[in-house]
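Coordinate analysis (summary)
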Amino acid sequence: MEGFCQLVLVTLLIIAGVLPSCVSQTTRRFEFNVEWKNVTRLCHTKPLLTVNGEYPGPTIAVHEGDNVEIKVTNRIAQNTTLHWHGIRQLRTGWADGPAYITQCPIGGGKTYTYKFTVINQRGTLWWHAHHSWQRASVYGAFIIHPRMPYPFSVPIQDEFPIIFGEWWNGDIDSVESEMMKYGGGPDISNAYTINGLPGPFYNCSNKDTLINTVEHGKTYMLRIINAALNDELFFAVANHTLTVVEIDATYTKPFKTKAIMIAPGQTTNVLLTANQVPDSSGMFLMAAWTYLTSVFPFNNSTTAGFLQYKNPMSTDHTSKHPKKVTTFDPVMYNFPQMEDTKYYTKFANNLRSLSSPQYPCNVPKTIHKRTVTVISLNLQDCPANKTCKGYANKSFYASMNNQSFVRPAVSILESHYKKLKKSQYSTDFPEKPRRPFDYTGVDPVTENMNTEFGTKIIQVPYGTNLEFVLQGTSFLNVENHPIHFHGHNFFIVGKGFGNFNVSTDPAKYNLVDPPERNTVAVPSGGWAAIRFKADNPGVWFIHCHLEEHTSWGLASGFIVQNGHGPSQSLLPPPKDLPSC
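Residues numbered from 1 in each chain as written. Predicted model: local features only at pLDDT ≥ 70, side-chain atom pairs only at ≥ 80, totals over all residues. Heavy atoms only, no water.

1. Considering the packing of aromatic side chains
On inspection of all chains with the given rule, the structure shows 40 aromatic pairs. Aromatic ring contacts, followed pair by pair, group Phe201, Phe234, Trp289, Tyr291, Phe328, Tyr333, Phe335, Tyr343 and Tyr344 into a single cluster. The lysine or arginine in question, Lys389, covers the ring of Tyr182, its NZ or CZ lying 4.2 Å from the ring centre. (Phe/Tyr/Trp six-rings, centres within 6.5 Å; stacked < 30°, edge-to-face > 60°. Lys NZ or Arg CZ within 6 Å of the ring centre and 35° of its normal.)

So this is what it looks like as structure tokens:
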């Protein structure tokens, strides 16, 4: 009788619109302890910030419609928060995680339980720390298993997570603090990693190499995540074709490619069929290397692992390590070279929403508001009696519409919800550049590139159809910027090189099957236009997922006001919400 009453209650709540119809009664609970652990890579041992002592952190696996509770205990002295990247957090912005945007940090020795429901989402996402540069090592996969079969007929033998990261031999907190203190660029990482392992192209690293075992003739799903702090990456498997079937946990029209490009914050699912004839080693190289669009110093190295075909003459398929490999040249494997923007552009143009009856493409055909946002690196004059190590002895910053974002002392969501009179933010973010100019043709270093500092965001009514035009510039250099929106997926309806033309470019938009994402790689020296319906009440962060750029201020946010009734309103804050 008790179970029947619960079922009736849930049914009535669904009918009333308080709960969505796709919500299950299953609650999956996880316990995360943020703690230090000594980890060795490249023959360097150091205390590394981890979750549950794991690097990368544990995988969260749930089903579409599940309720999720993740109890996070902070066992370090510093503050921390965690973000569930790509989870929409419908009406549960308190669980989104970015420090001082939707919550105050979890203090040392304190606990906070993130509670949310996975609604109408399925596929590969990820989670990571969202305080300072802690996500350098605090990250992991977030897998949402679908309620329905995959929309492709190929049987999947197995699936592998492929998570890219970066490793510094030194202390990452010192890298960040040195960069912000003197205004210069950060020290580059010492290695890229796959699942925390640098691979054979680095000194003292042959044993730290990922090996995935496959059977000839079988098809596998690779769940690929770019958790690197500051680098966009190409990825490919020697002699094998990849079939892209999903990006940012949304299905795509399948297409074949020899390599993918994946920006920090993005995820891509590909199918790989083990249909090659291996040599005596049974090994094929899997590699990730930089997609370069910047003149700033970068990590010019390659992380690699191996696809190992099962040898029917052997019963041990995991203990062997490949012979030492010393060099990597993309040309040897017919892979794109690191500055191959032409290849990346063709790859990006092939990304299309599945747009099927079961998985429709709900792109807004009309809009209520268009915001043109100029994404820029900046060069700030050095104050008197201070040492600055940026270009021309100035300080590097970054901005959106010449506003360099400053985090407040109290979370914006809490200030908004409680209607605090002394809120440390304003809703007067400029919705277009105050002074239009030749954004991508301007001289990189001779202009006045000083920025303004503040906490300015946008506010819109519930249900607003929004269009953001994200316009790159050539200040300091043209560069590909991965811009992440919290709380909403969006559709990339248009993109191009040069300056956006409001008179002609919207006529070329794809409003039929544009790719749906949560992180868009704005083309180097170009622009991208995105559309979405602002139907998630709360406060949502917008930022570049190159961590150095976010630290320099390349961020903003937007408030979606409550709509009509409970189903269109932000839920009250949880009782254990951390305080500042």
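2. Section: the state of the cysteines
On inspection of all chains with the given rule, the structure shows 3 disulfides. Between Cys104 and Cys580 runs a disulfide, and the two sulfur atoms are separated by 1.8 Å. Handedness of the Cys104-Cys580 disulfide follows from its S-S torsion of about -95°: it is left-handed. Of this pair, Cys104 sits in the loop between strand S5 (82-85) and strand S6 (111-117) while Cys580 sits in the segment after strand S32 (555-560), and the two are 476 residues apart along the sequence. With its bonded cysteines labelled in order along the sequence, the protein chain shows the pairing 1-3, 2-6, 4-5. (Disulfide = S-S within 2.5 Å. Helix = DSSP H or I, 4+ residues; strand = E, 2+ residues; numbered from the N terminus.)

3. As for the nonpolar core
Phe164, Leu222, Ile224, Phe235 and Ile260 are the most contacted members of the largest nonpolar core, which has 65 residues in total. Examining the composition of this core, we find that 7 residues originate from one element, strand S18 (residues 283-290), more than from any other. When near neighbours in sequence (up to four residues on either side) are disregarded, Phe235 contacts Ile162, Phe164, Leu222, Ile224, Leu242, Ala259, Ile260, Met286, Ala287, Ala288 and Trp289. Met179, Leu379, Val442 and Met449 belong to the second largest nonpolar core, which has 42 residues in total. (Core = buried A, V, L, I, M, F, W, Y, C linked by side-chain atoms within 4.5 Å. Buried < 20%, exposed > 50% of the residue type's maximum accessible area, 1.4 Å probe, protein only. Contact = heavy atoms within 4.5 Å.)

4. Here's the deal with empty space enclosed by the protein
Enumeration according to the criterion identifies 6 cavities of 30 Å³ or more in this entry. Tyr344, Ala348, Leu351, Ile492 and Arg517 are, among the 14 residues lining the largest cavity, the residues nearest its centre. Among the elements of the structure, helix H3 (341-349), strand S27 (490-497) and strand S29 (519-522) are those that each provide at least two residues to the lining of the largest cavity. With 3 residues, the top contributor of residues to the lining of the largest cavity is H3. Residue composition of the lining of the largest cavity, by class: 10 nonpolar, 2 polar and 2 charged. Counted as a void, the second largest cavity has a volume near 50 Å³. Along its surface, the second largest cavity is lined by Lys46, Leu48, Ala136, Ser137, Glu166, Trp167, Trp168 and Ile172. Looking at the lining of the second largest cavity residue by residue, the class counts come to 5 nonpolar, 1 polar and 2 charged. (1 Å grid on protein atoms, 1.4 Å probe; cavity = no way out; pocket = protein on both sides within 12 Å on 5 of 7 lines; lining within 4 Å. Points joined across faces, edges and corners; volume = space filled by probe spheres on them. Nonpolar A, V, L, I, M, F, W, Y, C, P; charged D, E, K, R; others polar.)

5. Notes on the pairing of strand S19 (residues 302-309)
Most of S19 is tucked away: 8 of the 8 residues are buried. Burial along S19 is two-sided: Thr302, Ala304, Phe306 and Gln308 and Thr303, Gly305, Leu307 and Tyr309, pointing in opposite directions, are all buried. Both strand S11 (residues 211-214) and S19 contribute to a ladder of 4 bridges, which runs parallel. The residue of S19 that forms the bridge with Val214 is Tyr309. Judged from the 7 bridges that link them, S18 and S19 form a sheet pairing that is antiparallel. Among the inter-strand pairings, Leu285 is bridged to a residue of S19, identified as Phe306. (Pairing = 2+ DSSP bridges.)

6. Observations regarding the sheet that holds strand S15 (residues 250-257)
Taken in spatial order, the 6 strands of this open sheet run S10-S9-S12-S17-S14-S15, and their pairing is mixed. The open sheet has two edge strands, strand S10 (191-194) and S15, and neither has a second partner. Adjacent strand axes in the sheet meet at a mean angle of 25° when their direction is disregarded. (Axes fitted to C-alpha atoms, helices over the stretch in contact; angles between N-to-C directions.)

7. A short note on helix H2 (residues 172-182)
Three or more residues of H2 are buried, namely Ile172, Val175, Glu176 and Met179. The buried residues of H2 occupy an angular sector of 95° when the element is viewed end-on, so they sit on one face. Buried residues belonging to H2 abut helix H5 (547-552). After H2 finishes, the residue Gly183 shows a positive phi value of roughly 75°. (Arc of directions from axis to C-beta.)

8. Some points on unusual backbone geometry
Negative phi is the rule for most residues except glycine; trans is the rule for most peptide bonds. At the junction of Tyr55 and Pro56, the peptide bond is cis and its omega measures out at -10° in the coordinates. Locating Pro56 in the fold gives a position in the loop between strand S2 (44-51) and strand S3 (60-63). Even without a glycine there, the phi angle at Asn52 is positive, about 55°. One can find Asn52 in the loop between S2 and S3. Among the residues examined, Asn52 registers a relative accessible area of 26% and is labelled partly exposed. Even without being glycine, Ser132 reaches a positive phi, approximately 50°. Residue placement: Ser132 occurs in the loop between strand S7 (123-129) and strand S8 (139-145).

9. With respect to the sheet that holds S18
If you trace the 5 strands from one edge of the open sheet to the other, you get S11-S19-S18-S13-S16, paired in mixed fashion. Since the sheet does not close on itself, it has two edges, and those belong to S11 and strand S16 (260-262), each with one partner. In this sheet, adjacent strand axes meet at a mean angle of 25° when their direction is disregarded. Pairing of strand S13 (residues 233-237) with S18, which is carried by 5 bridges, proceeds in the antiparallel orientation. Counterpart to Val237 in the pairing with S18 is Met286.

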